[in-house]
Amino acid sequence: MSEQVSGLLTIGVLVLALAAVHVPLGDYLARVFTSDRDLAVERAFYRLCGVDPRSSQRWSRYAVSVGAFTVVSLVFLGALLMMQQHLPLARGASMDWHTAVNTSISFVTNTNWQSYAGESGASALVQTLGLAVQNFVSAAVGIAVAIALIRGLAARHTGTIGNFWVDLTRAVVRVLLPIAFVGAVVLLAGGVIQDLSAPQTISTITGGHQTIESGLVASQEAIKELGTNGGGYFNANSAHPFENPNAFTNLVEIFLILVIPFSLPRTYGRLVGDKRQGLAVVGFMAFLWTAMLVVITWAEQAASTSPTGAMEGKEVRLGVWASALFANSTTATSTGAVDSMHESYSPIGGGGALTNMLLGEITPGGVGSGLYGALVVAILAVFIAGLMVGRTPEILGKQVGRKEITYAALYTIVTPALVLVGTAAALVVSKAKAGMLATGPHGLSEMLYAYASASNNNGSAFAGLTADQPYLNLTLGACMLIGRFLPMFLVLALAGAFAAQHQRPTTEGTMPTHTPLFSGLMVGVALLVTGLTFLPALALGPLAEALS
Amino acid sequence: MSADRDEDTSEERARPAVEERGTSNLMRPAIENEGTTNTMSSLTTQAVESLPGALRKADPRHLVRQPVLFVVWISAVLTTVLACIHPSWFSFLVAIWLWATILFANLAESVAEGRGKAQADTLRKTRATATARRITYGGGEEEVPAAELKLDDRVVVEAGQVIPGDGDVVEGIATVDESAITGESAPVVREAGGDRCAVTGGTTVLSDRIVVRITARPGETFIDRMISLVEGAERQKTPNEIALGILLTVLTIIFLLAVATIPSLAGWNGPKPSVLVLVALLVCLIPTTIGALLSAIGIAGMDRLVQRNVLAMSGRAVEAAGDVSTLLLDKTGTITLGNRQAADIIVVGDGEASEVHRLAHLSSLADETPEGRSIVDWTADRLGTHHDSPSGATVVPFTAQTRMSGVDLPDGTQLRKGAAGSVCRLVRESGGAGADEAMAIADRVSADGGTPLVVSVGCEGGATDAVGVIHLKDVIKPGMVERFAQLRRMGIRTVMITGDNPLTAKAIADEAGVDDFLAEATPEDKMRLIRTEQEGGRLVAMTGDGTNDAPALAQADVGVAMNTGTSAAKEAGNMVDLDSDPTKLIDIVGIGKQLLITRGALTTFSIANDLAKYFAIIPAMFVAIYPGLDSLNIMRLHSSNSAILSAVIFNALIIVALIPLSLKGVRYRPLRADQMLARNILIYGLGGVIAPFIGIKIIDLIVQFLPGM
């Protein structure tokens, strides 16, 4: 079977699988977050935390809950990382303070940027108790906030947007844990390892010695992809044969990455009572995902068959097509797991991965964050185009007025500001520049990629950049923290503003937000906003490299 | 007494607004395209006249309220300083065109304001400067300047005098010439009590004597408010304008960041672009077009209403009009002609139809009511001739007691026509025939929504027979059915308000094609209806004139008070229709929509423009570092300098090019939202992407011959 045929088959199977679960999973999620029954384990947790699961919070209270949970998570994970050498199963793993700060922010923000080497930087205990826990809860926070925004849009003048603790608990207990369990079993069956035995030292053919680490990889691998986290057990991430041994596990991992982000629009459609609304959003996401897949695959295919081309950075086990598919999915979802090294991609291919992040992680984006990011794009589209039908802009019967556009516009500006200012500053700070491997436009791409990845909570890297140093650890940490929570709070404020409104009835005079035209409009707005913001940077980085 | 205002004021009545009256029909091409070369040349004249005003507005203290233009101002100052330090043709040209951008932006606003000023000047001349005859506590009269009148003062106004201030007639009845405000030359009657008691300062009493209680302080009268409204002095930004302003500001910040980080990004690997080029790029990217035209669009929207003789008390009301989803329309005068007309005559018994028509004709000859005349016309049509009243006939006038009218012919024949119940009672009492049948027919007519009139014939002392039933019905105004269909397509619900019984109301509602009706409506019912609609999230528009309409007018999102109405109604509403034409409500909705569409279209156009500007400036800026980027120069512009200058010039000229559109408003047709969206995205979105590629290329072809390119 030629690579094209197997590549197309892989994509075909993936798309079919995603389409098959879209409706049932989306509906299941809708039921999870509207059900008025609690599981025993959930009730126990609510009693423990003193939460009344039937109470609904205003947006400010919801945001405070998110903030409190984040602070506790940061302190706990930071402490765990700093003290890991004194804890069991350390096996010599330790971290600098700035690396620990960066890492704890990274995992709490669902970024999972790793400026340390996975297997030697964090002990098995920390990986399991700290990082794996954050893999679950940071993803659950994203889902919770997305659901809160949907509730705001669907609410009729109630002012409340649900209960964060309930949403968080249910997202973990009823969504992430069961799916991750199934995913882990499948990956295990596919050949991913899961053992706690001591590292083995082997002699290589050339006579050297190599230490082979092992650990509870399959379980962590499943949630790493499912929660769009991306922090690998091993430094090589999904390019490591223990994490991703073959084409089958590669496909399963991509499926796990995309399954929740692509199903959440259905949940949205369900909860607002008009399934077509969800379809329009999924259409928008799928269009851009497909377009970028075409670009990256084409660029990599062309590069690998050109006389100067090489397979540098790609696993021969997986090949160009599967690597491009993984790269596109991981950068379009804020996952950041990699099965090939994006640094070594062709300028256009790497630029494509970069563009996926610069779009704001909305195609389909991270779990939850992708949906709320896409809905903000929808709100911008409604605001600009809605006027053109002669009415004050409205989405789902909710007016987009002064308050709402302020929140949506500020949301749009946060990550571009972090990326641009972060990159520009790093390029003039000599300490940061010292970490760069490449010169010329590729060097710029390296730095731009790093700040784009951190600010948009992706976590993948142009691996050429040596990021484990105080300046980069701290500024990237700041980007991750601000890039995650400032937009999140703005989304919650938006949800609150919508929830306080009456719902206007839909008439022939209302701008439809469920049509292909509207999906196209969202594509236009997303591309235009990103393009206008980043065209100079992209021109100096990937474009200059590609055109020289 | 300085009531020496004479004929020369009549010339002032011919203000532009008047010329437009009566032809305003939003659903038809009235605003599609007012102008050809004629309006263009008048626009040019206006633009030239507005230049001094535009220059005055270049004051940074004025611009600071518009962040986009303020950034342009700072950029212009910066480039001017740079051009002075390092003089070159290029730097001076860029600086000049940045100043031109500011000038053009202010020109748009000045032209829009200038249109209102002309109208305000006319109004100002009509403002009363008269003295007033105030009634003192003792009951005597004293002369005071009109400007010293206080609330609740009573003043006497006699024929030929100007009413010194807004107020209500508390004594007497008079005809008043209100042409100064309405442009309507026919005098109106104003009388104490009731819904026709309001008088406006500056209008002239033509006959009789009235006592007016002053209800507005000097300086706050209706005319004063009109002046400040049309001048835009009281103009406040509307909610949607503020929201759009926020988006534009945020976009400006994004572009500021994108441009400010270029030196660092480019400097990493080569020479940094000059500050001049960066400033030029910034001005091209920030949404100057819509930023410049935003306030002009708002002013022009108000102005379009003024041209239709509607005064909006706030821009917010105009915007709300675009959002209206329920229209409450009074039946009489809005949906139907003011009066009922004969539609049919049904023969009672086995009489000859033509004979019945003749009798009905004769019975109505003396009836001067519109209904009576319509019967005469209808029967004359059928008979083919128009009879004269037989000589010697005695007219029996209508009275509230008999509820019938008629005529006694010289031969003793008594013709009667009137309410079915009364005439049939007369027939029964006289022992005549046909009463039961006539009653049954009358009931049927009522059930169809018509009004039955029974015609009887008899002779003095003898039996009176019912011979026919006239079917009077409400006649729907021509064109209304189509309009309601259009409104429905636009997603607007129409509710007919009438005092008729539900049966009659339903028949008319069905015929007119309105979505719903409110029969036997009391002011409380109206209020309740508005509240229910609003609770369902709908915005409601209505018209009203009576004092009892005031609460509903205040509650409605768009309340249009008729100028003939009471001052309470005018206070309560947020618009006043000087023509007192309730049908105009539909036009007002269209104008509101047009305002929003224009704003959205130009925003889309402005943002879409940026793509081409990037393609002009980015290669120009970076080609020195990375020659490969020249392949992005898809317009094949002459040189880096000419590319940048062309983009800057395009950016300035597009503002001028769009001033007419922003004043006239985007062409608006009542379409479904999705059709309208697709159409406007095509024109202003796609057009906005393509137009600057062409424009910049053309400018570049000219600019390349300038020195320094």
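First, a word on what this report is: a plain description of the structure on this page. From a predicted model like this one, the values you see are computed outputs, not experimental measurements.

**Remarks on the overall build of chain A**
Phase 1 of the analysis: Looking only at helices and strands, chain A has 18 helices and four strands in total.
Phase 2 of the analysis: A compact globule built from 548 residues should have a C-alpha radius of gyration of about 24 Å, and chain A, at 22 Å, falls within 12% of that.
Phase 3 of the analysis: Counting only C-alpha atoms and orienting by the principal axes, one finds that chain A spans roughly 75 × 60 × 50 Å.
Phase 4 of the analysis: Across the 548 residues that make up chain A, the buried fraction comes to 64%.
Phase 5 of the analysis: Accessible area for chain A stands at about 18,300 Å²; split by element, carbon and sulfur atoms hold 67% of it.
Phase 6 of the analysis: Put simply, chain A has 27 plus and 28 minus side-chain charges, and the middle of one group is 16 Å from the middle of the other.

**Digging into empty space enclosed by the protein**
All names here are of chain A.
Phase 1 of the analysis: Per the stated rule, a full pass over the model turns up 11 cavities of 30 Å³ or more.
Phase 2 of the analysis: Of the pockets and cavities examined, the largest cavity occupies roughly 410 Å³.
Phase 3 of the analysis: Around the largest cavity, the lining is made up of 30 residues, and of these Leu359, Gly360, Tyr411, Thr415 and Asn456 lie nearest the centre.
Phase 4 of the analysis: Elements with a minimum of two residues in the lining of the largest cavity: helix 13 (369-386), helix 14 (402-426), helix 17 (470-499) and helix 18 (516-547).
Phase 5 of the analysis: A per-element tally of the lining of the largest cavity places helix 13 first, with seven residues.
Phase 6 of the analysis: When the residues that make up the lining of the largest cavity are grouped by side-chain class, the tally is 15 nonpolar, 13 polar and two charged.

**Brief notes about the sheet that holds strand 10 (residues 310-312) of chain B**
Residue and element names in this part refer to chain B.
Phase 1 of the analysis: The strand order across the open sheet formed by seven strands is 10-22-21-20-11-18-19, and the pairing between neighbours is mixed. For this open sheet the edge positions go to strand 10 and strand 19 (516-518), each flanked by a neighbour on one side alone. Across the sheet, the axes of successive neighbouring strands diverge by a mean angle of 20°, strand direction being ignored.
Phase 2 of the analysis: Pairing of strand 20 (residues 540-544) with strand 21 (residues 558-562), which is carried by four bridges, proceeds in the parallel orientation. Paired with Met542 across the two strands is Gly559, which belongs to strand 21.

**Looking at the interface of chain A and chain B**
Phase 1 of the analysis: Contact residues are listed per partner, giving 58 residues for chain A and 58 residues for chain B.
Phase 2 of the analysis: Considering only the side of chain A, the residues that lose the most area to chain B are A:Met388, A:Leu532 and A:Leu540, jointly responsible for 15% of the buried surface there.
Phase 3 of the analysis: Where chain A packs against chain B, one counts one salt bridge.
Phase 4 of the analysis: Between A:Arg504 and B:Asp323 there is a salt bridge, with the nearest N and O atoms lying 3.8 Å from each other.
Phase 5 of the analysis: Remark: the boundary between chain A and chain B carries eight residue pairs in polar contact (both at pLDDT 80 or more).
Phase 6 of the analysis: Of all the secondary structure elements, the ones that give two or more residues to the side of chain A that touches chain B are helix 13, helix 14, helix 16 (440-455) and helix 18 of chain A.
Phase 7 of the analysis: For the side of chain A that touches chain B, the element with the highest residue contribution is helix 18 of chain A, accounting for 14 residues.
Phase 8 of the analysis: The residue inventory of the side of chain A that touches chain B, partitioned by class, reads 37 nonpolar, 16 polar and five charged.

**Thoughts on the side chain of A:Thr228**
All names here are of chain A.
Phase 1 of the analysis: On the secondary structure map, Thr228 appears in the loop between helix 8 (217-226) and helix 9 (247-271).
Phase 2 of the analysis: Residue Thr228 is classed as buried on the basis of its relative accessible area of 0%.
Phase 3 of the analysis: Within the structure, Thr228 has its side chain in polar contact with the backbone nitrogen of Val367 (distance 3.2 Å).

**Re the packing of aromatic side chains**
Residues and elements named next belong to chain A.
Phase 1 of the analysis: Under the counting rule described, the total for this entry stands at 13 aromatic pairs over all chains.
Phase 2 of the analysis: Look at Tyr372 and Tyr411: their rings are 6.3 Å apart centre to centre, the planes differ by 85°, and that puts the pair in the edge-to-face class. Here Tyr372 is found in helix 13, whereas its partner Tyr411 is found in helix 14, with 39 residues between them in sequence.
Phase 3 of the analysis: On the basis of relative accessible area, Tyr372 is assigned to the buried category, the value being 2%.

**Some thoughts on the nonpolar core**
Phase 1 of the analysis: Counting residues in hydrophobic clusters, the biggest one holds 300 residues, and the most contacted among them are A:Ile260, A:Phe284, B:Leu327, B:Met575 and B:Phe622.
Phase 2 of the analysis: Ranked by the residues each element gives to this core, the list is headed by helix 24 (residues 584-622) of chain B, at 20 residues.
Phase 3 of the analysis: Residues B:Ile345, B:Val407, B:Val455 and B:Val457 belong to the second largest nonpolar core, which totals 19 residues.

**Digging into the sheet that holds strand 1 (residues 131-135) of chain B**
Residue and element names in this part refer to chain B.
Phase 1 of the analysis: Spatial strand order, 2-1-3-9-4-7: six strands in an open sheet with antiparallel pairing. Each edge of the open sheet carries a strand with a single partner, namely strand 2 (141-145) and strand 7 (198-199).
Phase 2 of the analysis: Pairing between strand 4 (residues 167-171) and strand 7: two bridges, direction antiparallel. Following the sheet pairing, Asp168 is matched in strand 7 by Ala198.

**Describing the pairing of strand 14 (residues 404-408) of chain B**
Residue and element names in this part refer to chain B.
Phase 1 of the analysis: Counting buried positions along strand 14 gives five out of five residues, so the element sits mostly inside the fold.
Phase 2 of the analysis: Two strands pair when backbone bridges link them, and strand 13 (residues 394-396) and strand 14 are joined in this way by three bridges, in the antiparallel orientation. Opposite Val396, over in strand 14, you have Gly406 as the bridge partner.
Phase 3 of the analysis: As paired elements, strand 14 and strand 15 (residues 413-419) share five bridges and run antiparallel to each other. Bridged to Ser405 within strand 15 is Lys417.

**Overview of the environment of B:Leu671**
Phase 1 of the analysis: Along the polypeptide, B:Leu671 turns up in the loop between helix 25 (640-664) and helix 26 (673-703).
Phase 2 of the analysis: Discounting residues that sit within four places of it in the chain, B:Leu671 has contacts with B:Arg489, B:Met490, B:Met676 and B:Arg679.

**Things to note about helix 3 (residues 59-82) of chain A**
Phase 1 of the analysis: Taking 1.5 Å per residue, 24 residues should reach 34 Å; helix 3 of chain A reaches 34 Å between its end C-alpha atoms and fits that length.
Phase 2 of the analysis: Looking only at helix 3 of chain A, the buried set comprises A:Tyr62, A:Ala63, A:Ser65, A:Val66, A:Gly67, A:Phe69, A:Thr70, A:Ser73, A:Leu77, A:Gly78, A:Leu80 and A:Leu81.

**What to know about the pattern of salt bridges**
Phase 1 of the analysis: Throughout the structure, instances matching the rule amount to 42 salt bridges over all chains.
Phase 2 of the analysis: A salt bridge links B:Arg599 to B:Glu319; its shortest N-O distance comes to 2.8 Å. With B:Arg599 in helix 24 and B:Glu319 in helix 13 (residues 315-323), this pair connects stretches of sequence that are 280 residues apart. Comparing B:Arg599 with B:Glu319, the two get one shared label, buried.
Phase 3 of the analysis: For B:Arg636, the salt bridge identified is with B:Asp630, shortest N-O distance 3.0 Å.
Phase 4 of the analysis: Overlapping salt bridges, with partners in common, bring together A:Glu221, A:Lys224, A:Glu225 and A:Glu243 in one network.

**Quick notes on the packing of helix 8 of chain A against helix 9 of chain A**
Residues and elements named next belong to chain A.
Phase 1 of the analysis: Following both chains from N to C, one finds helix 8 and helix 9 inclined at 45°, their axes separated by 7 Å at the closest point. Accordingly, the angle class assigned to the pair helix 8 and helix 9 is oblique. Along its contact with helix 8, which presents Glu221, Ala222, Glu225 and Leu226, the element helix 9 presents Glu253, Leu256, Ile257, Val259 and Ile260.
Phase 2 of the analysis: A breakdown of the residues in the contact of helix 8 with helix 9 according to their chemical character gives six nonpolar, no polar and three charged.

**Some remarks on the packing of helix 15 (residues 353-364) of chain B against helix 16 (residues 370-383) of chain B**
Residues and elements named next belong to chain B.
Phase 1 of the analysis: Closest axis-to-axis distance for the helix 15/helix 16 pair is 9 Å, and the angle between their directions is 145°. Seen from above, helix 15 lies across helix 16 with left-handed handedness. Contact residues: Ser354, His357, Arg358, Ala360, His361 and Ser364 in helix 15; Gly372, Ile375, Val376, Trp378, Thr379, Ala380, Arg382 and Leu383 in helix 16.
Phase 2 of the analysis: Split by residue class, the contact of helix 15 with helix 16 holds six nonpolar, six polar and two charged.

Cut-offs and rules
Residues numbered from 1 in each chain as written. Chains lettered and ligands numbered in written order. Predicted model: local features only at pLDDT ≥ 70, side-chain atom pairs only at ≥ 80, totals over all residues. Heavy atoms only, no water. Helix = DSSP H or I, 4+ residues; strand = E, 2+ residues; numbered from the N terminus. Rg over C-alpha atoms; globule rule 2.2 N^0.38 Å. Buried < 20%, exposed > 50% of the residue type's maximum accessible area, 1.4 Å probe, protein only. Areas by Shrake-Rupley, 256 points an atom, 1.4 Å probe, with all protein chains shown as cover. Lys, Arg positive; Asp, Glu negative; His and termini not counted. Charge placed at Lys NZ, Arg CZ, Asp CG, Glu CD. 1 Å grid on protein atoms, 1.4 Å probe; cavity = no way out; pocket = protein on both sides within 12 Å on 5 of 7 lines; lining within 4 Å. Points joined across faces, edges and corners; volume = space filled by probe spheres on them. Nonpolar A, V, L, I, M, F, W, Y, C, P; charged D, E, K, R; others polar. Pairing = 2+ DSSP bridges. Axes fitted to C-alpha atoms, helices over the stretch in contact; angles between N-to-C directions. Contact = heavy atoms within 4.5 Å. Buried area = accessible area lost by both parts, 1.4 Å probe. Salt bridge = Lys/Arg side-chain N within 4 Å of Asp/Glu carboxyl O. Polar contact = N/O pair within 3.5 Å; in protein donor to acceptor, adjacent residues only side chain to side chain. Phe/Tyr/Trp six-rings, centres within 6.5 Å; stacked < 30°, edge-to-face > 60°. Core = buried A, V, L, I, M, F, W, Y, C linked by side-chain atoms within 4.5 Å. Expected span 1.5 Å × (residues − 1). Parallel < 35°, antiparallel > 145°, perpendicular 65-115°, else oblique. Left-handed = near helix turned anticlockwise from the far one by under 90°.

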